[in-house]
Amino acid sequence: MEFFKQMSVSTKTESTGNIQNSSEHVKCLIIGSGPAGYTAAIYASRANLKPLLYEGLEPGGQLTTTTEVDNFPGYPEGITGPAMMEDLKKQAERFGADIRFGIATKVDFNKLPHKVWIDDDKLIEADAVIIATGATAKYLGLESEEKFKGSGVSACATCDGFFYKGQDVAVVGGGDTACEEASYLAGICKKVYLIVRKDFLRASKAMQERVYKTKNIEVLFQHTPKEIIGDTSGVNGVILTKAKGENVTILITGFFVAIGHQPNSDIFKPFIETDETGYIKTIPGCSKTNIEGVFACGDVQDKHYRQAITAAGSGCIAAIDAERYLSEP
Ligand code: NDP
């Protein structure tokens, strides 16, 4: 095991007055620690790339904010999000991945080796970089929303819908995600309220039709959530404000926020091509970006599926792509 602990990194430390700016050179740097980053680390370490992974602002990623995960293959009894992320991390460490706490704050992908600064002052030079920084679900910003996160408030129907089987729930948003989440929940729950702030849905026509055709979805146009109400057992309702200002309360036990995600791609944008909403563009069928030696996986490049298992799968793809790239003559 000791063999795996000896990472083949070359380290330099330059002293400038009181500030120590150190730099390291690695074969493979992974930025981000959700299922995509950890899976990339498992595959990259097993391929002897001796990966260095920086965990980022939220070690373990979005899954650490959910409770039970019942849809990841291999866990017949289910598992909590944080426990699963801990398992993935340990599995990567078992094969020698060097996993550290730190946030990538700046990159320079102009020439090889690629440069990534951690916490503003530590420089990592890498022959290959795997971006797995994920996306952050947007929330409404209500105090009550924060209070009930994980006990009635969720940003993922596929992850948490099952807990509200046969109950009444609400979804906020008028885009494709909200319509998709509402349709999914309609198959599990008794009734689904779709709360839309405008007087129309922004979602594609096909998605709108699906919503309108589903008998147990009621669309509440021009309604805005004001406060989520509940007690120690969780959510039991939401107060909505109508266009003319009057309030109405609906009784629900699950409150799903589907008002969009923000891909965590800002620091890469000067070099890496993204779509108009900030998702990193990868070459279809692989994880390659427009920059040689830079690969992307997980939610930072996927706005359609956003599942732990799809992120993990794409992390595997990125590590294999990096390994093949690094072994090219
Ligand atoms: P969108 O940005 O398309 O829609 C967000 C929705 O949330 C809008 O209706 C918006 O309202 C509403 N909203 C935003 N902020 C608030 C707020 N504070 N209070 C109340 N409502 C709010 O995000 P999506 O996640 O739906 O979609 C993102 C992208 O992914 C789109 O391009 C979409 O087409 C795509 N996608 C495709 C899917 C598919 O093809 N199967 C599935 C899911 C997504 P308003 O309209 O008033 O701005």
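Residues numbered from 1 in each chain as written. Predicted model: local features only at pLDDT ≥ 70, side-chain atom pairs only at ≥ 80, totals over all residues. Heavy atoms only, no water.

Side note on the sheet that holds strand E18 (residues 254-257)
Our working definition: Strand pairing follows a simple DSSP-based rule, namely that at least 2 bridges must link the two strands. Helix and strand assignments come from DSSP, with helices taken as H or I runs of at least 4 residues and strands as E runs of at least 2, each series counted from the N terminus.
The five strands lie next to each other as E11-E18-E12-E13-E14, forming an open sheet whose pairing is parallel. Edge positions in the sheet fall to strand E11 (153-154) and strand E14 (217-221), since each has one partner strand and no second.

Quick notes on the environment of Ile259
So the rule is basically this: Here's how the labels work: a residue is buried when its accessible area is under 20% of the maximum for its type, exposed when over 50%, partly exposed in between, all with a 1.4 Å probe on protein chains only. Contact between two residues is taken to exist if any of their heavy atoms lie within 4.5 Å; hydrogens are not considered.
Position of Ile259 among the secondary structure elements: in the loop between E18 and strand E19 (261-263). The class for Ile259 is partly exposed, based on a relative accessible area of 32%. When the C-alpha positions of Ile259 and Gly174 are compared, they lie 7.5 Å apart, and in sequence the two are 85 residues distant. Beyond its immediate stretch of four places on either side in the chain, Ile259 contacts Lys138, Tyr139, Leu140, Val172 and Gly173.

As for the packing of helix H6 (residues 176-186) against helix H7 (residues 205-213)
When two helices pack together, their arrangement is given by the angle between the helix axes and by the axis-to-axis distance. Under the convention used in this document: Where helices are involved, their axes are fitted lines through C-alpha atoms of the stretch in contact, as for all axes, and angles between N-to-C directions lie from 0 to 180°. Put simply, a crossing is left-handed when the front helix is turned counterclockwise from the back one by less than a right angle, and right-handed when it is turned clockwise. In this classification, the charged set is Asp, Glu, Lys and Arg, the nonpolar set is Ala, Val, Leu, Ile, Met, Phe, Trp, Tyr, Cys and Pro, and all remaining amino acids, among them Gly, are polar.
Closest axis-to-axis distance for the H6/H7 pair is 9 Å, and the angle between their directions is 35 degrees. Two packed elements cross with a definite hand, and for H6 against H7 that hand is left-handed. Contacts between H6 and H7 involve Asp176, Cys179, Glu180 and Ser183 from the former and Met207, Arg210 and Val211 from the latter. Looking at the contact of H6 with H7 residue by residue, the classes come out as three nonpolar, one polar and three charged.

Describing the site of the ligand
Applicable threshold: One heavy atom within 4 Å of a molecule or strand makes the whole residue count as near it. Side-chain atoms alone can form a polar contact between residues adjacent in sequence; in general such a contact is a pair of N or O atoms within 3.5 Å, and within protein one must be able to donate a hydrogen while the other accepts it. Under the convention used here, a 1.4 Å probe and the Shrake-Rupley method define accessible areas, while residue burial counts only the protein chains that appear. In the cavity and pocket records, a cavity denotes points on a 1 Å grid over the protein atoms alone where a 1.4 Å probe fits but cannot get out, a pocket denotes an open set with protein on both sides within 12 Å along at least 5 of 7 lines, and lining residues are residues with an atom within 4 Å of a point. Cavities and pockets are treated as containing a molecule whenever more than half of the molecule's atoms lie within 2 Å of their grid points. Boundaries of every domain are those given by an automatic assignment or by a domain database.
Contacts to the ligand come from 16 residues, most closely from Gly174, Asp176, Thr177, Arg197 and Arg202. Within the side chain of Asp176, a nitrogen or oxygen atom sits 2.5 Å from an oxygen atom of the ligand. The separation between an oxygen atom of the ligand and a polar side-chain atom of Thr177 is 2.6 Å. For the ligand, whose unbound accessible area comes to 920 Å², protein coverage reaches 76%. Here the ligand occupies the second largest pocket. A total of three residues in the shell around the ligand trace back to one element, the largest contributor, which is H6. Residues belonging to the shell around the ligand are distributed by class as follows: three nonpolar, six polar and seven charged. There are two domains that each give the shell around the ligand at least three residues, and those are domain 1 (2-136 + 261-327) and domain 2 (139-257).

As for the packing of aromatic side chains
Stated formally: Pairing of aromatic side chains requires ring centres within 6.5 Å, counting the rings of Phe and Tyr and the six-membered ring of Trp. Pairs whose planes differ by under 30 degrees are stacked, by over 60 edge-to-face, and all others tilted. Any Lys NZ or Arg CZ that is within 6 Å of a ring centre and within 35 degrees of that ring's normal is treated as a charge sitting over the ring.
Applying the stated criterion across every chain, the model contains five aromatic pairs. Centre to centre, the rings of Phe72 and Tyr75 are 6.2 Å apart; their planes meet at 55 degrees, and the pair counts as tilted. Note on Phe72: relative accessible area 13%, which makes it buried. One aromatic cluster is present, built from ring pairs that chain together Phe109, Phe268 and Phe271. Taking the ring centre of Phe95 as reference, the NZ or CZ of Arg46 above it sits at 4.7 Å. Above the ring of Trp117, the side-chain terminus of Lys106 is found at 4.4 Å from the ring centroid.

Quick notes on the domain arrangement of the protein chain
Filter applied, for reference: As used here, buried area is the combined drop in accessible area, with a 1.4 Å probe, of two parts when they are placed together. For salt bridges, the criterion is a side-chain nitrogen of Lys or Arg within 4 Å of an Asp or Glu carboxyl oxygen.
With domains assigned, the protein chain is organised as domain 1 (2-136 + 261-327) and domain 2 (139-257). Placing the centre of domain 1 and that of domain 2 at their C-alpha centroids yields a distance of 33 Å. Between domain 1 and domain 2, the residue contacts involve six residues of the former and seven residues of the latter. Summed over both sides, the interface of domain 1 with domain 2 buries roughly 640 Å², with 45% coming from carbon and sulfur. At the boundary of domain 1 and domain 2, one finds zero salt bridges. Our count for the contact surface shared by domain 1 and domain 2 stands at zero residue pairs in polar contact (both at pLDDT 80 or more). Residues of the side of domain 1 that touches domain 2, tallied by class, amount to no nonpolar, three polar and three charged.

Describing the pairing of strand E9 (residues 122-131)
A large share of E9 lies buried, amounting to nine of its ten residues. With five bridges connecting them, strand E8 (residues 114-118) and E9 associate as antiparallel partners. Following the sheet pairing, Trp117 is matched in E9 by Leu123. Between the end of E8 and the start of E9, which pair antiparallel, lie three residues, with Asp119 showing a positive phi angle near 50 degrees. Both E9 and strand E20 (residues 294-296) contribute to a ladder of three bridges, which runs parallel. Looking at the pairing, Ile130 lines up with Phe295 of E20.

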